[in-house]
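Architecture at a glance
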Amino acid sequence: MRQYATQMEAARRGIVTPELRIVAEKERMSAEELLPLVASGQVAICANRLHECINPEGVGSMLQTKINVNLGVSRDCKDMDVELSKVMAAVDMGAHAIMDLSSHGDTIPFRRKLTSQCPAIIGTVPVYDSVIHYQRDLDTLTAKDFIDVIRLHAEDGVDFVTLHCGITRKTIEQIKTHKRKMNIVSRGGSLVFAWMTMTGKENPFYEYFDEILDICREYDVTISLGDACRPGCLADGSDVCQIEELVRLGELTKRAWEKDVQVMVEGPGHMPMDQIAANMKLQQTICSGAPFYVLGPIVTDIAPGYDHITAAIGGAIAAAAGAAFLCYVTPAEHLALPNVEDVKQGIMAAKIAAHAGDIAKGVRGAREMDDRMADARRELDWEAQWACAMDPETAKRIRQERKPEHDDTCSMCGKFCAVRSMNKALAGEHIDIL
Ligand code: SF4
């Protein structure tokens, strides 16, 4: 029988939980170093006490940047086993978290499959699921219906829930008067906004935040404070709607921490590159260092089909400036449901962005593999290069398809290989080019 409600409460009481010990080991920290970071909220260990197969991870700006993959059962992809195999493939490729965004049929069995079989952090967005779960129109749902779905997800072992608590009735006027180009692009945020306009009531996730905190405390569910007003185009970046919501998320972060409930704060969105670092700084200040979970940021609006790249550029800058968690973006973003190849491309792009950010911010051990790769490249040791590569299969395939004449180089420069020439020159050997 555990003696604490949440990882945060345990840390505040000086208890080293089994999950904290595992996270410390993964991050090359001592438990004593990690404990105050969890106690202060700078690191969240998202681990529902009922998610027994979890391989715990910590989310915090000083730790390795984590990546999330969105999957789930949908009208076009209803086979649970196929979807679960995609989940497991995503975890094998390096996803630390899976957000179950199921939008079709009975969502309970798939969610329970995830929390009983998947070792990654599991997240959900209860407001989407409310419509599916009750099979009723949005405006007929009550605040109690939404809160009951949060409880259902908590009881199913979900580790974090995205809740769009930061918009209020004031936001409705702001959106109308501020005239954003893209209004609200957050799916959950748009549902909450629509519910408020149709019912005339206050945002239930804001109004009943204390009740929600009690559920999250009971199961140790981390709240990912959703950013309903995240900019959906460059023109809306860092505008009044986004920043006003961020201020409220800062207030809610403190209220959650008063009840030992762990928090992450979600962020942009679409944003010009020159605004990203400032946004990370602002979030860290306003939200007292809570881990920042960014959705992109996508740095240009005109590259549909390549948004895994636009998001990776923004994600790398965000991670280097303190973001803790990147949501992957696939080439299908803005266009269609991603297929298996899109998922792979999205994961690889997010992994590269996270890793580049970790190197820049000096996360412990982040550069080791890069230094080993440099040694392997200098020695033209191809096997050692595969061992360091993020995706060795792709690297091997490309080399194999375009084999060089001489095995010690590659077909890019052949005998003009700079590495080979330098190795020979420094060894005092003759360099044969022709
Ligand atoms: S041939 Fe050119 S690209 Fe290939 S290993 Fe040598 S220097 Fe690098």
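Cut-offs applied
- The numbering scheme is per chain: residues are counted from 1 as the chain's sequence reads.
- Given that this is a predicted model, residues contribute local features only at a pLDDT of at least 70 and side-chain atom pairs are listed and counted only at 80 or more, while totals for whole chains, interfaces and linings are drawn from all residues.
- UniProt positions are given in the numbering used here, feature names are shortened, and annotations may be inferred rather than shown by experiment.
- Labels follow the DSSP assignment, with helices taken as runs of H or I lasting at least four residues and strands as runs of E lasting at least two, numbered in each case from the N terminus.
- Contact between residues is assigned whenever the C-beta positions, reconstructed from backbone atoms, fall within 7 Å.
- Lines fitted to the C-alpha atoms define the axes, with helices restricted to the stretch that makes contact. Angles between their N-to-C directions range from 0 to 180 degrees.
- Helix crossings get a hand from a simple test, with the near helix turned counterclockwise from the far one by less than a right angle marking a left-handed crossing and a clockwise turn marking a right-handed one.
- Three exposure classes are used, all based on how many other C-beta atoms lie within 10 Å of a residue's own C-beta (placed from the backbone): buried at 20 or more, exposed at 12 or fewer, and partly exposed between those limits.
- At least two DSSP bridges between two strands are needed for those strands to be called paired.

- In the nomenclature of an unreviewed UniProt entry, the protein chain is known as Phosphomethylpyrimidine synthase of Emergencia timonensis.
- UniProt, in its Catalytic activity (unreviewed entry) section for the protein chain, records the words "5-amino-1-(5-phospho-beta-D-ribosyl)imidazole + S-adenosyl-L-methionine = 4-amino-2-methyl-5-(phosphooxymethyl)pyrimidine + CO + 5'-deoxyadenosine + formate + L-methionine + 3 H(+)".
- The UniProt entry for the protein chain carries this comment under Sequence similarities (unreviewed entry): "Belongs to the ThiC family."

**Focus on the environment of Tyr206**
- Tracing the backbone through its elements, the reader meets Tyr206 in helix α10 (residues 204-207).
- Separated by 136 residues in sequence, Tyr206 and Asp342 have C-alpha atoms that sit 35 Å apart.
- The contact partners of Tyr206, leaving out residues within four places of it in the chain, are Cys165 and Thr168.

**So, the packing of helix α4 (residues 80-93) against helix α5 (residues 108-117)**
- α5 packs onto α4 with a crossing angle of 35° between their chain directions and a minimal axis gap of 11 Å. In terms of crossing hand, the pair formed by α4 and α5 is right-handed. On α5, the residues that touch Met80, Glu83, Leu84 and Val87 of α4 are Pro109, Phe110, Lys113 and Leu114.

**Points about the pairing of strand β6 (residues 160-163)**
- Burial along β6 is two-sided: the residues Phe160 and Thr162 and Val161 and Leu163 are all buried.
- When strand β5 (residues 121-124) meets β6, the two strands line up parallel, connected through two bridges. By the bridge assignment for β6, Gly123 is matched with Phe160.
- Where β6 meets strand β7 (residues 222-225), four bridges bridge the pair, whose relative direction is parallel. The residue of β7 that forms the bridge with Val161 is Ile223.

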